[in-house]
Amino acid sequence: MHHSAELIQSFSSSPEKQQQLYKRTLIIVVLAQLFGGAGLAAGVTVGALLAKDMLGTDSYGGVPVALLTLGSAAGAYLIGQLSQRNGRRIGLAAGFLCGGVGAAGIVGAAVMDSLILLFLSFIIYGVGTATNLQARYAGTDLAKPSQRAKAISIAMVATTFGAVAGPNLVAVMGEFAEANGIPMLAGPFILSAAAFTVAGLILLAFLRPDPLLIAKTIAEARKDNTSQVSPTQQSLAAGRKGIIVGAAVMVLTQVVMIAIMTMTPIHMQHHGHGLGSVGLVIGIHIGAMYLPSLFTGILADKLGRIRMAFAAGFTLLLAGVIAAIAPADSLTLLIVALALLGLGWNFGLISGTALVVDATNIENRAKTQGALDVFIAIAGASGGALSGMVVAGASYAALTIAGSVLSLLLIPLAFWYRHDKNK
């Protein structure tokens, strides 16, 4: 799919048109993310509980989240490659549509009581969750450097609406499923299947002209106009360092967040909290993951990426400590801990993403972003899988303390980056 030469020419020669397309892209991404967020929520809220019901044991509660994350790792890589070649529209639309198929498969698996179909569907469903994250990059392709973190955060705020509504619709969708002869815990995945599919269709229909393809063409035109200056070793090294630090910040925040979040619903169930309370805690947690983005993006553009990485480390530390000392029957303290957990993740993801966007150029950007999201997904999978074992072998408090200690690593990492920048 090639854009007509006149169309591309009209964009490369007009900064006004580029800004218009930047704004239009953000609007389309926001629309898709409203639905994408709703698709995301079911897996997080009831995935572990559904598997526990079908397997008849707690020990494998982390398996669905691990499979979902495995799928999101594969999805992130493929979407990155597809976007680099064919543009964001094709990459993101394909990812969301896959997620819709996976969610429908999970419902089918619950109806047929098929574990093989359940596990396979969780992997495919994971592609949809990866797309949700990859979409945060689409708004940055035509953003000025001073708009990048804000562009990332606008895409993430849009996810909030669906992601917060999703867990709170768990009970409603459960009743709807039961009324139709489908197991209650599969209900939320009916919502996911519809939501992911709609998100994919919105992008397929409206994300044109494609922001990444336009940005590539503009970059090529600029290259032709300027004498070929090869990047210095120093600037290449700085770019590499930005990618390493950005990736590490995102990976660490992901491990800590997923590990604690995965086991909280099971911890709550064991201590007599009902499905409504679980939905409330996870809903607030997901709200805290996405809603503060409006401010985080502006802060990351104004105060700098590294200060926000520091903030991520301290916030996650606090979340782990509160979760560890909270009495199991205290809904309030669990809400506070999981809200802080979401907030710390938000600080880490936005500052890390902005570092990566700053450090990549248009020729390798989508591929690099896809590859890094693979690491983030694998980190999440490890966090999800290990969390069940830690809680089974020790306790929920031991898990949350381990998370706190891990989040402290963000601080020396930020210092290392800053020290070299100041040289």
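Student: Got a minute to help me understand the overall build of the protein in this structure?
Tutor: Secondary structure assignment for the protein yields 17 helices and zero strands. Taken over the C-alpha trace, the protein has a radius of gyration of 21 Å; the compact-globule value for 423 residues is 22 Å, and the two agree within 12%. A principal-axis box enclosing the C-alpha atoms of the protein has dimensions of 70 × 50 × 30 Å. Across the 423 residues of the protein, 57% fall into the buried class. Within the protein, residue pairs in contact and separated by at least 24 positions form 86% of the contacts whose partners lie at least 6 positions apart. Accessible surface computed for the protein: about 16700 Å², of which carbon and sulfur atoms make up 68%. Of the charged side chains in the protein, 25 are positive and 17 negative, and the gap between their average positions amounts to 12 Å.

Student: Explain helix H12 (residues 293-302) to me, please; I cannot follow it from the model alone.
Tutor: What sets the pattern is the α-helix's 3.6 residues per turn: residues three or four places apart point alike. Taken as a whole, H12 has its buried residues at Ser293, Thr296, Gly297 and Ala300. The arc enclosing the buried residues of H12, seen along the axis, measures out at 100 degrees, which places them on a common side. In this structure, H12 carries Phe295 and Lys302 as exposed residues pointing more than 90 degrees from its buried face. Close packing links the buried residues of H12 with helix H6 (148-168), helix H11 (275-290), helix H13 (305-325) and helix H14 (331-359).

Student: Where do I start with the pattern of salt bridges in this structure?
Tutor: Side-chain pairs of opposite charge can arise whenever the charged atoms involved come near each other. Under the counting rule described, the total for this entry stands at five salt bridges. Across the pair Arg88 and Asp141 runs a salt bridge, and its minimum N-O distance is 2.7 Å. Highlighted residues: Arg88 in helix H4 (residues 88-112) and Asp141 in the loop between helix H5 (115-138) and H6, separated in sequence by 53 residues. The exposure class of Asp141 is buried, given its relative accessible area of 7%. For Asp358, the salt bridge is made with Arg148, and the minimal N-O distance between the two is 3.1 Å. In this pair, Asp358 sits in helix H14 while Arg148 sits in helix H6, placing the two residues 210 residues apart along the sequence. Taking relative accessible area as the criterion, Arg148 reaches 14% and is therefore assigned buried. Here the salt bridges do not stand alone but share partners, grouping Arg148, Asp301, Arg305 and Asp358 into one network.

Criteria and cut-off values
Residues numbered from 1 in each chain as written. Predicted model: local features only at pLDDT ≥ 70, side-chain atom pairs only at ≥ 80, totals over all residues. Heavy atoms only, no water. Helix = DSSP H or I, 4+ residues; strand = E, 2+ residues; numbered from the N terminus. Rg over C-alpha atoms; globule rule 2.2 N^0.38 Å. Buried < 20%, exposed > 50% of the residue type's maximum accessible area, 1.4 Å probe, protein only. Contact = heavy atoms within 4.5 Å. Areas by Shrake-Rupley, 256 points an atom, 1.4 Å probe, with all protein chains shown as cover. Lys, Arg positive; Asp, Glu negative; His and termini not counted. Charge placed at Lys NZ, Arg CZ, Asp CG, Glu CD. Arc of directions from axis to C-beta. Salt bridge = Lys/Arg side-chain N within 4 Å of Asp/Glu carboxyl O.

Any functional reading would require information that these geometric values do not contain.
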